[in-house]
Structures are given as C-alpha cells and as structure tokens.
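# Per-entry structural report
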Amino acid sequence: MKYFEYSRAATFDAASEILKTDEKATVLAGGTDLLSVIKNEILEEPPSQVIDLKRIPETDYITLQDGTLRIGANARLADIAASPEVTRELPALAQAAWSVATPLIRNLGTIGGNICQDVRCWFYRYPHEAGGRIVCRRKGGENCYAILGDNRYHSVFGGMRCGSNPCTVDCPAATNIPDYMEQLRLGNPRGAAQILFNVNPIPAVTSRVCAHRCQEGCNKNESGEPVAIRNVERFVGDFALNSGELFYAAPTEQSGKSVAVVGSGPAGLSAAYYLRASGHEVTVYDSKPEPGGMLMYAIPDYRMPKDIVRKIVAAYEGMGITFVCDTQVGADLPASELEERFDAVYYATGTWKRPVLGLSGEELTVFGLDFLVQVHDWMDGKVGQEVLVTGGGNVAMDVAITAKRLGARKVVLAALETEDIMPAGKEEIARAREEGVEIQGGWGLSRVLSEGDKVTGMELKRCLSVFDENHRFNPVYDENDRRVVEAENILMAVGQQVDLNFLDEKYQLQLTARGLIDVAAESQMTSRPGVFAGGDATTGPSTVVECIANGHAAARGIDRYLGVAQRHICTGLQIEKPFLSFDVEGVKRSEALKLAELPLEQRSIDVEDEIAPDEAAALSEARRCMNCGCYAVAPSDITPVLVALDATLVTTTRELSASEFATSALKLDEVLEPGELLTEIRIPLVPGATTAYDKFRLRESVDWAIVSLASALATENGKVSGARLVLGGVAPIPLRLSAVEGYLLGRTLDSETIAQAQEKAVQECLPLWNNAYKVQEVKAFVGKALARLT
Amino acid sequence: MKTTQVSFTVNGREYTMSVGSLFGQLLPNELLIDTLRERLGLTGSKIACKDGACGCCTVIIDGDAVPSCDVLTVDCEGRSILTIEGLAAPDGTLDVVQQAFVDYNAFQCGFCTPGIIMTTRALLDKNPHPTRAEAQEALAGNFCRCISHYHVLDAIESIA
C-alpha cells in the first residue's frame, strides 16, 4: 500500500481546512472503501494524507426529535440498521443500512462514507496488480470500457457526460459532436444541425474542407476506424443549408447597432452570422468580385463547390446581411471612414500576400495561392509536363492535385516537414497520393534552376529538423545532401502573409512581432476601441474551423463591446434526454462510412469529387458513435432511500436536498465545494407512509445492488395519496421514477394499475448489450413494492 | 496534525507505538492485520482477500467483529483488540466457542476458522442465545470455501 500521512481531525472544520490547502488529501469516514481503493492502487495518484473523521466527538448520533430523524455522518451502518427508532419509523433506511456488504463491514462503515463512496464499476475498480489499472473516462482517461466490454452490471438508463470528449476538445470550435450524433440517432437532424450552428454557421463548408482533427482522438480508434464525423457532418451541413430559413432567419429583434465586417472568408462569415443573430445591421466588404474569400477563390471546386458558397451567401442575404464586393478597404474606402460609419468594425482580411523567401530564381516561380485563384487561366495547357509544388499544408495539396488534374504528367510535392508532421490533413495527403502526386517530405528549398527565363527545376537540400527544442520554426539543413527535381513549373505553396494595405500612416493598428494584427485574446479587439480583427490576419495561415471559432469569438467580443446580449437564430430544436445513449449494435462496427467518389478518371477541377451521403447512411454512421461518458451505476444503498424520503444533507457550509446532493451531477466533487464535508443527515418522518428498500444482488451478503428500489408509499381510502420511488444500481445517479409516481396518485392499487406502473418504470430504459435482464428486475421490484400495500 | 504515537491493547496487553516512516516505526498506512501478524507475531488471524470481503482476518475491536485488513493500526488509539490468540485462558483452556468448534469438527482446512470463531464470540457477547438464523446472519461476512457452515452452525447452536 502506498505511503500516506495520517492525522485525526478534531472537528469537521479542521478537516475542511486541510482539504482546502492540500488537494491530494482525503478523508477517512469508515475506511472500508477508501482503504480498498488505496490497497488495490485503483487511482493513479494515491492520497498524500488521510484525515480520519471518525474521532470527531458527537458525530455518530441517531436521534429522533420533532418528527425528524437526525443522523450524524459518522453513525455506523450497523447502528443504523439496529436502531429501534430507525427500524420503527423508517424501515427503508434500516433495511438499506442492513443490506450494505457484510455485518463485519457494517461495524466499520459509516453513513457518511457510504453516501460518498467511489463508483463500483469493475473496469474502474480493476486491481492494479492484476494486470494494470484501467484508466477509464471516469478516472480521467478517455474510454468507457462498459460501452463495448462486459456491461452486465452497468446502467440500463444511459450514461452521463464525464469531462469533455476528445472529439470536442480537438475541435477548435469545440463542436459538441457526440450530442449532435445523438440527435441524429433520435431521428432529429434539426436538433443535430442546431448543435453545429451553436458554434459554426457554415457546416456545409466545414464538412467539405475541415481537416476534422476531431476524428484523430475518437475513442473508436481503439476498436476500428474513427467515426467518420466529417461524412456525417456532410449530411447535416447540407441538410441545414437546404432547410430554408430555419437556420438562416433574420433576427426578430434589432439591436440598433451597425457592424462592418471586412473580408468574407470563414472568419468574416462566422462573425457576420453571429452578429446578425444578435440583431445588428451587418455589412460585409470584400475586395474580390464575389464573397467567400479563400472558400471562393483558393480552395478548388472539386473540394469546395462554388454553388455551395453562393447558396450560403444567398442565405446570409436572406438574414438581412449586406455584401459589398469589389471594394478594397483602404484604397476604395478609407478605414477611418468605416470606423466612423459603423458602431464596430471587424477585420478578417486573411493572408493573401506572397512572401519573399530570398531564393535565387524565386521570381520565376508561381505563388501557389495565385495559381489557385487564377486556375482557369491555366486550363488551356499552360501547365507543364513536370511540376514541382513546394509546401506541406492543405493549400500545397490542393495546388498539387489541381496541377495534376490540369494535365501535368508528373507532380512532385516537396515539403520541409516529413509526412508525420506535415500540417496538411491526413485525408488530404492520402488524396494527393491517390491522384499520383509524389510526396517528398524533409526537403528544403535551395535554388531555382533555369535556362534564361525558363524554369528547368529546383535544387533541394535535406531538412534535418523543422523546429528547435522550444518548438519554434527554425529549420536545420544538411547542406551536403542535395538533389535536383526537374520541373517546368514551380508552384510555391509556402508562407502566405497578411496584407495590411488598408492601413496607412494616419490609420494604424498595433501589430505583433510577426507582423499580424494584435488583438486581445478574449474579445478580439485591436488597439483601436471598437475595431476588432480575427481569422488568419491575426493568427497567420490557419484552418477554416479555426477561423470560424475566431469569428464567433469576435462576434461575442463585439456584442459585449456594444452592450448587446448574444442571441441565437435557432433554439429549442433539440430533444432533451436525461441520460446519454448509444446504439448497442452500431458501436460494434469497426468500419466507417466512406463517401462515394467519382472514379479517378472522371475527376476534374470543377466538379465535386465526393457524393453526399443520404440520411440513412449518415444515421448509420452516427450509430457508430459511442457517446463517450460514464455508464457505471451509483453504488450506494443509502442514497436512493434518502432521495425517496426527501432527506436534507447538512455539510460544513450549507444544507442541500438529498436529490441535489446525489442526482445533480455525476461526481460528488462537482456538487461539493473543495473542503466541504457532510456532517449530518436529516430525514422528515412521513406519518402513515410505508417505506421499504428492496435490493437484488447475486449473493445475500457482500454484493452491491444490481437493482434496488427505495419506496415510500401512502394510501388513503384505498387510493394512493403519496408515492416516492427511487431506483438504485441501474443509472449513474439514484433514479426517481417521477412518471410512475404521478401515475399512481389517486389510483387504487389493483393489478392493472400495478402492471401499468411497472411498464412506465422501464419506459425510458436503454439497456446495454449485456444487461437487459435488469429491466425485468426493475419491473419486478416496482410490482413488489406496490403489492406490499394491497 | 500528524499522528506520531498510538496506544492500544491486544489481548489485554498494552502497546504504544511510535508512528512514522523510520525503521521500526509503525507506518501510518499499516493495516491492523499486518501489525498483528508481522510485528506482534499473532498469526492466528489470516489474510485471504485482504479487501474486507472474506472475514478471515476478523478480530474483535471494542466488542465488534471487524475485518482487521480494513483498519489502520494508527486508527486504533485507545481500542481494545481481541484476536484468536486471546480467547483461550492462560492455562490453555479453550474458550467455549473454540471447544464447541472442536467438538463439532466445525472446520475443514481451518483457514477461515479463526475469523469465524471471532465473529461468533462477538455475537455471543452481545446475544448469548442467538437463533440459528441470527448466527447465520452474523456470519454472513465470513466465507468458507470448504463448506464447513453446517457444522459451524451446529457448534454455535450447541452453546447458544
């Protein structure tokens, strides 16, 4: 057993003080659970010190006074089970206390310790010496092993979220992916879309061009391919875009404020949507003939069809957003005028400028972004037989594939980074390779080879490392390891820079050391009050979804600046469920949904490669999502009784109801403040009520409840006048059967009523693959409790 | 404040131990069963599951039968602990429970027997005339793999 310090608390407050200063300290209330956790090394980090509460004077009382039973937190379970007052007045509590573990354990265990015991899931409790502890989701890991593993003792009512899921954490916009997958499974694509729109107003774009880092940490990776979130989003994004005004409606209330958005790429579009939602008058300026920024001009049609961008812009116009194109802020419209005319201005001008690398012969090469913008000029055979693309990002991949599709026989892509650290998404790299692009990782640029004005190739030098030990970009080359790639065109897809032409001597914004617009992290406000900036112009080249998140943050910052509360276009479309669920068969499938693609020979630069999935395909893939959370059950025998009897729990700082204490969150540390300790339990007697605790377990001793039911029932003139039914052992928290209680009131407990109540008790059941038997137990216990009154 | 010393009695004998991590000191994380067996040489209490489930390590603390693997020795301040070694009289006369178990062959391999005897002793101290059902209930935390239960209950019935 790992070493810890031991001290004996003289008062609860003294123990609290220690807990507040040492977060690795823990309390010992009876010890039978705590010592087991420490002995078996269940947790990665054992407690630094154990504070014994048992010797705090006068804390183990059981007294009945003025119709209230008061029990000190240190009262032993054996004493509660044997107490004449408890046995007489609240048999349910005596029965529950008696049912805990064994007589030997009950001589040690206290009621406080029982209520606060740790979860009993056998994955969570797997002993360290028996092959290594399991760091499950509940323990701060990633996976809930009950989803695919043996879950015979787990919840039959669904799970609860436990920390943030990796897909959500890995998404720059923090999209609640598992929730929207669940809405799809519930047959509610509108609710799914609403979840996306909470953080991303252009899912029809991200579903096509986002790198979907969310899939990399997906827990399905452990048992197959990750959930094809991208492909599910493809359905939801198009669904939303085709849903008329549902997601792109004009706001019902106007704020009376006006905001100018400069740049209509992902950041500008994101900000414009949320600003309009809040009721502002929004005008979007763009220097190009059409809105959309990089979406319209840089990302090739085969990935980002322009009709989608145009449809989004039309939807925006329907919301009342005004687009002003062909207008270069700075040249056509002074920035100062913009600032005067609008209550706030948001710059999301992107990174369109070509950098000067200082390479010999650089002037003979073509900037990759220009190549993509002017791609139609290249369509008539301007591309040579052999093309070299430099760069390792998504733009480089787009450039390489486009060159190949324009007819280049051989396309070599040379990147500084080796493939494992290339910034481009894995899917994009795979796509480039599939189309025959030769990818050469780990090569830097040396010089352009030419004959007169004609490019003949480029000399590359081996790049040994890209980043230094501080993770700063600082490439190291082997000057002796060089090679030549022959090429007629060199397309440089490296280092896009921010264009700050709209600034002049009089109108300045503070810039960062990297030459980007400097903004406050929280509000996205620049050095000028009321002037905000975001997207690539403030971060350097990034991804579409990062820009969307950034634009949303700016909209929030602008709302705060203007003193207007942020509002949403669509609300209330979600189906709310008390617990998480997943599809027990779907999660077992290891293969992800693949989108149908045009065959290689039919692919071009202006027709989308991938064909959208239909609703059935998207739903089928959504069924593979495990909806990661904790699916263990609340183990205490005592808490269901306390919830059923409407007990009040007294802590060192306050009083709270048993239901708030035991059912408002998955873990106790989410309910209690640091250092807050349970000191007393108060249970009001209900004259005339019959209370009972029924417990099903494998052995008549030791075991925890597989199903238990705490009941408090009263009848008047043969009709039910009061009913409280709380299940234990079947859900992550004690589960009150409110629907059954409501149904029973005023009814006679005949066999028909009992049968109906039994059915209602299991209506919301979501059994896992190995625990459906519990559903039958729940029904049996409800029947048994009700039959007791007949 | 860190506990530095603990005093308790085992089988009527007083012990005071210095608590700490130096050589010879009682470790704050030491379990009572380990102290009994390793420090005091009282190996009559057995270790099987060491997780409170089997009852083989049962001792009587202040009148209550408890699994000594779920008790920290440092937590025994002022406690009076009785182990299987403390049951027989100094002259070797067995406790009535022990004698009944011998008379009824209420054991097979015997590994769980000290725990069962201690639980029985605590039961009889509180309830000198338990019914067979009461004895069964009191022994619900003592496991026997050899199925000595029936003889155990017969033995208890004979002295109840």
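Everything numeric here is computed off the predicted structure, so don't read it as measured data.

## Details of the overall build of chain B
- Along chain B, the regular secondary structure elements total five helices and five strands.
- Counting from the amino terminus, helix and strand elements in chain B follow one another as β-β-α-β-β-β-α-α-α-α.
- Relative to its length of 160 residues, chain B is compact, with a C-alpha radius of gyration of 16 Å against a globular reference of 15 Å.
- Principal-axis analysis of the C-alpha atoms places the extent of chain B at approximately 50 × 30 × 25 Å.
- Residue burial in chain B is summarised as follows: out of 160 residues, 51% are buried.
- Accessible area for chain B stands at about 7400 Å²; split by element, carbon and sulfur atoms hold 54% of it.
- Across chain B, the mean location of the 11 positive side-chain charges is 6 Å away from that of the 19 negative side-chain charges.

## Side note on the sheet that holds strand E7 (residues 281–285) of chain A
All names here are of chain A.
- Strand order in this open sheet of five strands is E8-E7-E6-E9-E18, and the pairing throughout is parallel. Of all the strands in the sheet, just strand E8 (322–324) and strand E18 (531–533) have a single pairing partner and so form its edges. Put simply, the sheet's adjacent strands are angled 20 degrees from each other on average, direction ignored.
- Running over the sheet, helix H21 (residues 544–562) touches strand E6 (258–262), strand E9 (344–347) and E18 and is turned about 165 degrees from E9.

## Describing the domain arrangement of chain B
Residues and elements named next belong to chain B.
- What the domain assignment lists for chain B is domain 1 (5–83) and domain 2 (96–159).
- If you look at the interface, domain 1 gives 15 residues, while domain 2 gives twelve residues.
- Each partner contributes to the roughly 1000 Å² buried at the junction of domain 1 and domain 2, and carbon and sulfur atoms together form 64% of this total.
- For the domain 1 face of the interface with domain 2, the top three residues by lost area are Cys 56, Thr 58 and Ile 60, together amounting to 34%.
- At the boundary of domain 1 with domain 2, the tally comes to one salt bridge.
- Residue Asp 64 is joined to Lys 126 by a salt bridge in which the shortest nitrogen-to-oxygen separation is 2.3 Å.

## With respect to the side chain of Ser 148 of chain B
All names here are of chain B.
- You can see Ser 148 is positioned in the loop between helix H4 (132–138) and helix H5 (149–159).
- The exposure class assigned to Ser 148 is buried, which follows from its relative accessible area of 2%.
- Discounting residues that sit within four places of it in the chain, Ser 148 has contacts with Ala 106, Phe 107 and Gln 108.

## A closer look at the state of the cysteines
- A full pass over the atoms with the stated rule returns zero disulfides over all chains.
- Of the cysteine sulfurs around Cys 116 of chain A, a residue in no disulfide, the closest is that of Cys 630 of chain A, at 17 Å.
- Free cysteine: Cys 56 of chain B, not disulfide-bonded; nearest cysteine sulfur from Cys 54 of chain B at 3.7 Å.

## Notes on the interface of chain A and chain B
- If you look at the interface, chain A gives 29 residues, while chain B gives 36 residues.
- Surface buried jointly by chain A and chain B totals about 2600 Å² across both partners, of which 54% is contributed by carbon and sulfur atoms.
- When the buried area of chain A at its contact with chain B is split by residue, Tyr 6, Arg 55 and Leu 104 of chain A rank highest and sum to 25% of it.
- Across the contact surface, chain A and chain B share six salt bridges.
- The residue Lys 39 of chain A makes a salt bridge to Asp 70 of chain B at a minimum N-O spacing of 3.1 Å.
- Across the chain A-chain B interface, the total number found is 18 residue pairs in polar contact (both at pLDDT 80 or more).
- For the side of chain A that touches chain B, the secondary structure elements donating two or more residues are strand E1 (5–8), helix H2 (32–39) and helix H6 (103–106) of chain A.
- Of the residues contributing to the side of chain A that touches chain B, the split by class is twelve nonpolar, seven polar and ten charged.

## What about the packing of helix H18 (residues 394–405) of chain A against helix H19 (residues 426–434) of chain A?
All names here are of chain A.
- Where H18 meets H19, the axes come as close as 10 Å, and the angle between the chain directions of the two elements is 20 degrees. Relative to H19, the element H18 lies roughly parallel. The interaxial crossing formed by H18 with H19 has left-handed handedness. Listed contacts from H19 to Asn 394, Met 397, Asp 398 and Ile 401 of H18 are Glu 428, Ile 429, Arg 431 and Ala 432.
- For the contact of H18 with H19, a count of residues per class yields four nonpolar, one polar and three charged.

## Quick look at helix H13 (residues 266–277) of chain A
Residues and elements named next belong to chain A.
- In this model H13 runs 17 Å from its N-terminal to its C-terminal C-alpha over twelve residues, within 8% of the 16 Å that 1.5 Å per residue would give.
- Counting buried residues in H13 gives twelve out of twelve residues, a clear majority hidden from the surface.
- Within the span of H13, buried status applies to Pro 266, Ala 267, Gly 268, Leu 269, Ser 270, Ala 271, Ala 272, Tyr 273, Tyr 274, Leu 275, Arg 276 and Ala 277.
- After H13 finishes, the residue Gly 279 shows a positive phi value of roughly 100 degrees.

## Describing the domain arrangement of chain A
Residue and element names in this part refer to chain A.
- Its domain assignment divides chain A into domain 1 (5–119 + 632–787), domain 2 (166–245 + 574–622), domain 3 (258–352 + 498–562) and domain 4 (362–492).
- Here the C-alpha centre of domain 4 lies 30 Å away from the C-alpha centre of domain 3.
- Residue-level contacts link nine residues of domain 3 with twelve residues of domain 4.
- When domain 3 packs against domain 4, close to 870 Å² is buried across both sides, 57% of that on carbon and sulfur atoms.
- Of all residues in domain 3, the largest losses of buried area upon contact with domain 4 belong to Tyr 302, Arg 303 and Trp 352, amounting jointly to 59% of the total for that side.
- Between domain 3 and domain 4 we count two salt bridges in total.
- Between the two partners, domain 3 and domain 4, sit three residue pairs in polar contact (both at pLDDT 80 or more).
- Class assignment of the residues belonging to the side of domain 3 that touches domain 4 gives a composition of seven nonpolar, one polar and one charged.

## With respect to the pairing of E9 of chain A
Residue and element names in this part refer to chain A.
- Both faces of E9 are covered, namely the face carrying Ala 344 and Tyr 346 and the face carrying Val 345 and Tyr 347.
- Both E6 and E9 contribute to a ladder of four bridges, which runs parallel. Bridge assignment links Val 261 to a residue of E9, and that residue is Tyr 346.
- Alignment of E9 against E18, held across three bridges, turns out to be parallel.

## Notes on the environment of Ser 711 of chain A
Residues and elements named next belong to chain A.
- Position of Ser 711 relative to the elements: it lies in strand E25 (residues 707–716).
- Accessibility expressed as a relative area gives 2% for Ser 711, which makes it buried.
- Ser 711 sits 29 residues away from Arg 682 along the chain, and the two C-alpha atoms are 17 Å apart.
- Residue contacts for Ser 711: discarding those within four places in its chain leaves Thr 690, Thr 691, Ala 692, Arg 724, Leu 725, Ala 785 and Arg 788.

## Focus on the packing of helix H10 (residues 189–197) of chain A against helix H12 (residues 229–241) of chain A
Residues and elements named next belong to chain A.
- Put simply, H10 and H12 touch, their axes get as near as 9 Å, and they point 95 degrees apart. By the angle between their axes, H10 is roughly perpendicular relative to H12. Here Pro 189, Arg 190, Ala 192, Ala 193, Leu 196 and Phe 197 of H10 lie close against H12, whose contacting residues are Glu 233, Phe 235, Val 236, Phe 239 and Ala 240.
- Residues of the contact of H10 with H12, tallied by class, amount to nine nonpolar, no polar and two charged.

Criteria and thresholds
Residues numbered from 1 in each chain as written. Chains lettered and ligands numbered in written order. Predicted model: local features only at pLDDT ≥ 70, side-chain atom pairs only at ≥ 80, totals over all residues. Heavy atoms only, no water. Helix = DSSP H or I, 4+ residues; strand = E, 2+ residues; numbered from the N terminus. Rg over C-alpha atoms; globule rule 2.2 N^0.38 Å. Buried < 20%, exposed > 50% of the residue type's maximum accessible area, 1.4 Å probe, protein only. Areas by Shrake-Rupley, 256 points an atom, 1.4 Å probe, with all protein chains shown as cover. Lys, Arg positive; Asp, Glu negative; His and termini not counted. Charge placed at Lys NZ, Arg CZ, Asp CG, Glu CD. Pairing = 2+ DSSP bridges. Axes fitted to C-alpha atoms, helices over the stretch in contact; angles between N-to-C directions. Contact = heavy atoms within 4.5 Å. Domains from an automatic or database assignment. Buried area = accessible area lost by both parts, 1.4 Å probe. Salt bridge = Lys/Arg side-chain N within 4 Å of Asp/Glu carboxyl O. Disulfide = S-S within 2.5 Å. Polar contact = N/O pair within 3.5 Å; in protein donor to acceptor, adjacent residues only side chain to side chain. Nonpolar A, V, L, I, M, F, W, Y, C, P; charged D, E, K, R; others polar. Parallel < 35°, antiparallel > 145°, perpendicular 65-115°, else oblique. Left-handed = near helix turned anticlockwise from the far one by under 90°. Expected span 1.5 Å × (residues − 1).

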